[in-house]
Amino acid sequence: VLRFAEDSSTGALRGLLVYRIEAVLGSSEKVMRVVEFLCDEEAGILLGAALIDEGDDAGVAFADFYCTSSKFAEPLEKNGFLQETLPTRLPELFQPLEFTPSALTAALWVGPKVSADNRALFRSDNLYFTRSDGDQDRPR
């Protein structure tokens, strides 16, 4: 599902949300996987509220979103998402249900015109990768 948030006066795009609802193999449970969430804070709060409403309507057990930039977590947190370590591990894959963590390894090079210091770039909140960028979100 794709949702946009637009500025009502200019029509400018202010936010993008992409998610899917997935059935757990061999179960009646459903989960919501947010694979993209790019927005300014105000639009993010509205899109996050819509996400919660749509998840409630669909009867999902939980929704998750994995991203390297914490600034996109803030609007979701204002809607009830948690950004913390849980006492138990949530499953990462659902086809079949799998609790074992999957490694997301990457090798990246950034040209000097983008960043003079690659380590600083990769540690900053300006870098945005999601689980779906690593192709680990696909069903097996």
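Residues numbered from 1 in each chain as written. Predicted model: local features only at pLDDT ≥ 70, side-chain atom pairs only at ≥ 80, totals over all residues. Heavy atoms only, no water.

A. Summary view of the overall build of the protein chain. The helix and strand tally for the protein chain stands at 3 helices and 6 strands. Ordered by position in the sequence, the α and β elements of the protein chain form the string β-β-β-α-β-α-β-β-α. Looking at the protein chain as a whole, 35% of its 140 residues qualify as buried. Carbon together with sulfur atoms contributes 54% to the accessible area of the protein chain, which is approximately 8900 Å² in total. (Helix = DSSP H or I, 4+ residues; strand = E, 2+ residues; numbered from the N terminus. Buried < 20%, exposed > 50% of the residue type's maximum accessible area, 1.4 Å probe, protein only. Areas by Shrake-Rupley, 256 points an atom, 1.4 Å probe, with all protein chains shown as cover.)

B. Layout of the sheet that holds strand E3 (residues 30–39). Read across the sheet, 4 strands follow the order E1-E2-E3-E4 without closing on themselves; strand pairing throughout is mixed. In the strand order of this sheet, the two ends are held by strand E1 (2–6) and strand E4 (63–65), each with one partner. Mean inter-strand twist for the sheet, computed between neighbouring axes without regard to direction, equals 25 degrees. Where strand E2 (residues 13–23) meets E3, 9 bridges bridge the pair, whose relative direction is antiparallel. In the strand pairing of E3, Ala23 is matched with Lys30. Most of the contacts of helix H1 (residues 41–58) go to E3, to which it runs at about 165 degrees, and overall it touches E1, E2 and E3. (Pairing = 2+ DSSP bridges. Axes fitted to C-alpha atoms, helices over the stretch in contact; angles between N-to-C directions. Contact = heavy atoms within 4.5 Å.)

C. Expanded view of a nonpolar patch on the surface. A surface patch of nonpolar side chains, about 320 Å² in accessible area, is lined by Leu2, Phe4 and Leu13. Locating Phe4 in the fold gives a position in strand E1. (Patch = residues over 30% accessible without salt bridge, like charges linked within 9 Å, V, L, I, M, F, W, Y side chains within 5 Å. Salt bridge = Lys/Arg side-chain N within 4 Å of Asp/Glu carboxyl O.)

D. Spatial organisation of the side chain of Asp64. Assignment of secondary structure puts Asp64 in strand E4. Judged by relative accessible area, Asp64 falls into the buried class, the value being 8%. The contacts of Asp64, once residues within four sequence positions are left out, are Met32, Arg33 and Val34.

E. How the structure looks around the pattern of salt bridges. Under the defined criterion, the tally for this structure stands at 6 salt bridges. Of the charged contacts in the structure, one is a salt bridge between Arg14 and Asp40, with a shortest N-O distance of 2.7 Å. Taken as a pair, Arg14 in strand E2 and Asp40 in the loop between E3 and H1 lie far apart in primary sequence, 26 residues in all. Classification of Asp40 as partly exposed rests on a relative accessible area of 30%. Between Arg20 and Glu22 there is a salt bridge, with its nearest N and O atoms 3.0 Å apart. For Arg20, a relative accessible area of 27% corresponds to the partly exposed category. Accessibility expressed as a relative area gives 8% for Glu22, which makes it buried.

F. Local environment of the pairing of E1. Relative to E2, E1 runs antiparallel, the two being bridged by 5 bridges. Among the inter-strand pairings, Glu6 is bridged to a residue of E2, identified as Leu13. Between E1 and the antiparallel strand that follows it, E2, lie 6 residues; Gly11 among them carries a positive phi value of about 80 degrees.

G. Representation of the state of the cysteines in the model. Using the criterion set out here, one finds 0 disulfides in the structure. Here Cys67 is not disulfide-linked; the sulfur of Cys39 is the nearest cysteine sulfur, at 9.9 Å. (Disulfide = S-S within 2.5 Å.)

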